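What follows is each chain in one-letter form.
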Amino acid sequence: MGKFDQSSIPVVRVTQLYSVASGKHVRIYGKHVDARGEDGDVYARLIIQGIHFQSKVTIRGNESDVYLCLNHKGKVIGRRKRRDDETYSCVFQESILENDRTEYRSVLHPEWILAFRKDGQARNARRVKSGHRTTQFMKRDVPEDAEKKKSERILNHQKFKPHVERMKIPSYSSSLSDTKR
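Structure report, in brief. Every value quoted in this text rests on a predicted model; they were computed, and no experiment measured them.

### As for the environment of Gly 23
And step 1. By secondary structure assignment, the location of Gly 23 is in the loop between β1 (11-19) and β2 (25-29).
And step 2. Since its relative accessible area comes to 32%, Gly 23 is described here as partly exposed.
And step 3. Distance in space between the C-alpha atoms of Gly 23 and Arg 36 is 8.1 Å, their sequence separation being 13 residues.

### So, the nonpolar core
And step 1. With 20 residues, the main nonpolar core has Leu 17, Val 26, Ile 59, Leu 68 and Tyr 104 as its most contacted residues.
And step 2. Of all the secondary structure elements, the ones that give two or more residues to this core are β2, β3 (32-37), β4 (46-50), β5 (56-61) and β6 (67-70).
And step 3. If sequence neighbours within four positions are ignored, Tyr 104 has contacts with Leu 17, Ile 48, Val 57, Ile 59, Phe 92, Gln 93, Glu 94, Trp 112, Ile 113, Leu 114, Phe 137 and Lys 139.
And step 4. Within the second largest apolar cluster, 5 residues are counted, among which are Tyr 67, Cys 69, Ile 77 and Tyr 88.

### Some thoughts on the side chain of Ser 19
And step 1. Topologically, Ser 19 is positioned in strand β1.
And step 2. Residue Ser 19 is classed as buried on the basis of its relative accessible area, which comes to 0%.
And step 3. The contacts of Ser 19, once residues within four sequence positions are left out, are Lys 24, Ala 35, Phe 116, Gln 136 and Phe 137.

### A word on a positive patch on the surface
And step 1. A contiguous patch of positive charge on the surface is contributed by Lys 73, Lys 75, Arg 126 and Arg 127.
And step 2. Its location among the elements puts Arg 126 in the loop between β9 (102-106) and β10 (137-140).

### Structural notes on the state of the cysteines
And step 1. With the rule as written, the count across this model stands at 1 disulfide.
And step 2. Each disulfide pairs two cysteine sulfurs, and for Cys 69 the partner residue is Cys 90, the sulfurs being separated by 1.9 Å. Linking Cys 69 and Cys 90, the disulfide has an S-S dihedral of approximately 105° and is accordingly described as right-handed. Placement of Cys 69 in strand β6 and of Cys 90 in the loop between β7 (76-79) and β8 (92-96) is noted, with a sequence separation of 21 residues between them. The same class applies to Cys 69 as to Cys 90, namely buried.

### Concerning the layout of surface pockets
And step 1. Roughly 230 Å³ of internal volume is contained in the second largest pocket.
And step 2. Surrounding the second largest pocket, 13 residues form its lining, His 32, Val 33, Lys 75, Val 76 and Ala 122 being those nearest its centre.
And step 3. The leading source of residues in the lining of the second largest pocket is β3, at 4 residues.
And step 4. Taken together, the residues that form the lining of the second largest pocket break down as 5 nonpolar, 3 polar and 5 charged.

### Focus on the environment of Leu 108
And step 1. You can see Leu 108 is positioned in the loop between β9 and β10.
And step 2. You can call Leu 108 partly exposed: its relative accessible area is 24%.
And step 3. Each C-alpha atom, one on Leu 108 and one on Phe 92, is 8.3 Å from the other, the two residues being 16 residues apart in sequence.

### Considerations on the pattern of salt bridges
And step 1. Overall, the coordinates contain 9 salt bridges when judged by the stated rule.
And step 2. Close ionic contact of Glu 38 with Lys 24 constitutes a salt bridge, the shortest N to O distance being 2.3 Å. In this pair, Glu 38 sits in the loop between β3 and β4 while Lys 24 sits in the loop between β1 and β2, placing the two residues 14 residues apart along the sequence.
And step 3. The partly exposed category is assigned to Glu 38, whose relative accessible area is 46%.
And step 4. The class of Lys 24 is partly exposed, set by a relative accessible area of 27%.
And step 5. One salt bridge connects Arg 27 with Asp 41, and the closest N-O pair in it is separated by 3.5 Å. Taken together, the residues Arg 27 in strand β2 and Asp 41 in the loop between β3 and β4 connect sequence positions 14 residues apart.
And step 6. Salt bridges sharing common partners tie together Arg 27, Asp 34, Arg 36 and Asp 41.

Reading the values: rules and limits
- Residues numbered from 1 in each chain as written.
- Predicted model: local features only at pLDDT ≥ 70, side-chain atom pairs only at ≥ 80, totals over all residues.
- Heavy atoms only, no water.
- Helix = DSSP H or I, 4+ residues; strand = E, 2+ residues; numbered from the N terminus.
- Buried < 20%, exposed > 50% of the residue type's maximum accessible area, 1.4 Å probe, protein only.
- Core = buried A, V, L, I, M, F, W, Y, C linked by side-chain atoms within 4.5 Å.
- Contact = heavy atoms within 4.5 Å.
- Patch = residues over 30% accessible without salt bridge, like charges linked within 9 Å, V, L, I, M, F, W, Y side chains within 5 Å.
- Areas by Shrake-Rupley, 256 points an atom, 1.4 Å probe, with all protein chains shown as cover.
- Salt bridge = Lys/Arg side-chain N within 4 Å of Asp/Glu carboxyl O.
- Lys, Arg positive; Asp, Glu negative; His and termini not counted.
- Charge placed at Lys NZ, Arg CZ, Asp CG, Glu CD.
- Disulfide = S-S within 2.5 Å.
- 1 Å grid on protein atoms, 1.4 Å probe; cavity = no way out; pocket = protein on both sides within 12 Å on 5 of 7 lines; lining within 4 Å.
- Points joined across faces, edges and corners; volume = space filled by probe spheres on them.
- Nonpolar A, V, L, I, M, F, W, Y, C, P; charged D, E, K, R; others polar.

Following this line, the structure appears as structure tokens:
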């Protein structure tokens, strides 16, 4: 596997990954990875960092500082250091599906796909097919970030919106009733 471009500036996003199958957020704590996190869970805050122009990303826990990886058997694990060799795969190909959901494939083993079951437990990446509900994720804002963005939008909207007084416009039906009298 070749080296990645070290000269380009990586794109970093702090987000939550919502698993469509479990209805919860992916969380990384220690070596454990599952999809049982509630909205706003500190271990569900993930840093998705782009490392190449071709949608290659790493997924790391913001609180735990642990990378989401696949071992040589396709098991989903957490690792302190990112390692890209025959033993561990910590780099994923991020692809947007037709239904605007995201799927993550291993770069080292392209047939392996990140997936979680209905109960939030990780599925073996070797036994998963593309397009299945267990492989689909949605990126969601972290709750404090969502509130901050919402308040910024409101402030910006109020700052640039000219003040317009509402005028009472008589309705057509009321003007007709006045003329009939």
